[in-house]
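Results of the structural survey
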Amino acid sequence: MSSSLRRSRVGVVALALGSFLAVLLLLEVALRLSQGAEEPPPPPELPPEWEGLTELVRLRDLSQPHARGLTGGVLYEANSHGFRGPERSVAKPPATYRIAVIGDSVTMGWGVLEEETYAALVEGLLAERHPGSSIEVLNLGLAGLPLQVLVTRFRHHGLRFAPDLVVYGFTINDLEGRFYRRSFDPTRIRFPLQESSQLARTVGPRWAALRDRFWPAPGSYVWELDNNFFHNPPLWAATLRSLDRLAEAAESVGACVVVLLHPSLHTLDRLHPFGRHYRAIREAAEDRGFPVVQPLPGFLGHSAREFWIASHDPHPNALGHRLLAEALVEGLESLPARCWPPGALP
């Protein structure tokens, strides 16, 4: 090969490489200019009446009667029964349809005000859509409870309120607890240059989502979930037993059970990697006669961070709870007649 031809080919390669780097640089600049658009708004300043309140993080503190403090930076108050929401009598008022909502921190409303929780919104929406009805929604959610524990808590503390309907708000980490095998290692799934490059921070999660959808890597959270949902027989058997216990508890007071699948607020598009996990829970629920509400379609097409309470905390914010409430109301209104006594929804 002549030296002139060699120089020509080297020039072509250098030009192509330079063009590629220039495109990457332009993308980096464009992303840096727009990177603030997807960030949740900064938390508002604490009202003076909240100053000095302690952050409630322990289950014991959150479930105390008349507990008062901060969770996720907002006011948390429990009633005399130790759960969030207005005061309720143990005895159900006459001609009242009572819904008990059980779940973890998402149900409880970590980082949002009580009136912004989907439990409170559902009560308001049903009242608006069905004037003349008398419906109470009890928010029995408590942060940090896996499925096995929240069912036990409902049996001990929720059944005495004699609900007509039980809504179990399922979150993707509800299987944690006994038998759960942890393997998630965030240090192993970092995309190169994520600390310094906005382009890497954008492309990295997209690649991770694609990989997690089809071939999860050991060390990733989706791989951990796959391992526990599909390759951990003792854990799955315990999960099914917990759903059976929930069915038995609800049947003891003549209540229907509905499962609300809280969407994980990551990668809200066709690459959303948790569909198979939702499907496994949905099938287990439906095998027990539980109708299932799936709010994920209402979240798809949005930036996940649009629904976070803070840039570092993916608990759903007020908008996320609004979408959960709207999906749940639609699901409740389509329940079979056996779940609604005559006149409950005029």
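Notes on the structure in this doc start here.

So, how was this worked out
Residues numbered from 1 in each chain as written. Predicted model: local features only at pLDDT ≥ 70, side-chain atom pairs only at ≥ 80, totals over all residues. Heavy atoms only, no water. Helix = DSSP H or I, 4+ residues; strand = E, 2+ residues; numbered from the N terminus. Buried < 20%, exposed > 50% of the residue type's maximum accessible area, 1.4 Å probe, protein only. Salt bridge = Lys/Arg side-chain N within 4 Å of Asp/Glu carboxyl O. Disulfide = S-S within 2.5 Å. Core = buried A, V, L, I, M, F, W, Y, C linked by side-chain atoms within 4.5 Å. Contact = heavy atoms within 4.5 Å. Axes fitted to C-alpha atoms, helices over the stretch in contact; angles between N-to-C directions. Parallel < 35°, antiparallel > 145°, perpendicular 65-115°, else oblique. Left-handed = near helix turned anticlockwise from the far one by under 90°. Nonpolar A, V, L, I, M, F, W, Y, C, P; charged D, E, K, R; others polar.

**With respect to the environment of glycine 301**
- Looking at the element boundaries, glycine 301 is found in the loop between helix 10 (296–299) and strand 8 (308–310).
- The exposure class assigned to glycine 301 is exposed, which follows from its relative accessible area of 71%.
- Counting along the chain gives 31 residues from glycine 301 to arginine 270, while the straight-line C-alpha distance between them is 8.8 Å.

**Observations regarding the pattern of salt bridges**
- Going through the model one piece at a time under the given rule, you end up with 12 salt bridges.
- In this structure, the salt-bridge partner of arginine 68 is glutamate 77, at a minimum N-O distance of 2.9 Å.
- Judged by relative accessible area, which is 40%, arginine 68 ranks as partly exposed.
- The class for glutamate 77 is partly exposed, based on a relative accessible area of 39%.

**Here's the deal with the state of the cysteines**
- This model, assessed by the stated rule, comprises one disulfide.
- There is a disulfide in this structure between cysteine 256 and cysteine 339, and the S-S distance comes to 2.2 Å. Across the S-S bond linking cysteine 256 and cysteine 339, the dihedral sits near -95 degrees, which makes this disulfide left-handed. Here cysteine 256, found in strand 6 (residues 256–261), pairs with cysteine 339, found in the segment after helix 11 (318–333); they are 83 residues apart in sequence, far enough to count as distant.

**As for the nonpolar core**
- Ranked by internal contacts, the top residues of the largest apolar core, which has 86 residues, are Ile99 and Leu332.
- Examining the composition of this core, we find that seven residues originate from one element, helix 11, more than from any other.
- With sequence-adjacent residues up to four places away left out, isoleucine 99 is seen in contact with Leu126, Ile135, Glu136, Val137, Leu138, Leu165, Val167 and Leu332.

**A closer look at the packing of helix 5 (residues 147–158) against helix 8 (residues 233–252)**
- The geometry of helix 5 relative to helix 8 is characterised by a closest axis approach of 9 Å and an angle of 15 degrees between their N-to-C directions. Compared by their axis directions, helix 5 and helix 8 come out roughly parallel. The two elements helix 5 and helix 8 cross, and the hand of that crossing is left-handed. Side by side, helix 5 and helix 8 meet where Leu147, Gln148, Val151, Thr152, Phe154 and Arg155 of the first sit next to Ala238, Thr239, Ser242, Leu243, Arg245, Leu246, Glu248 and Ala249 of the second.
- A breakdown of the residues in the contact of helix 5 with helix 8 according to their chemical character gives seven nonpolar, four polar and three charged.

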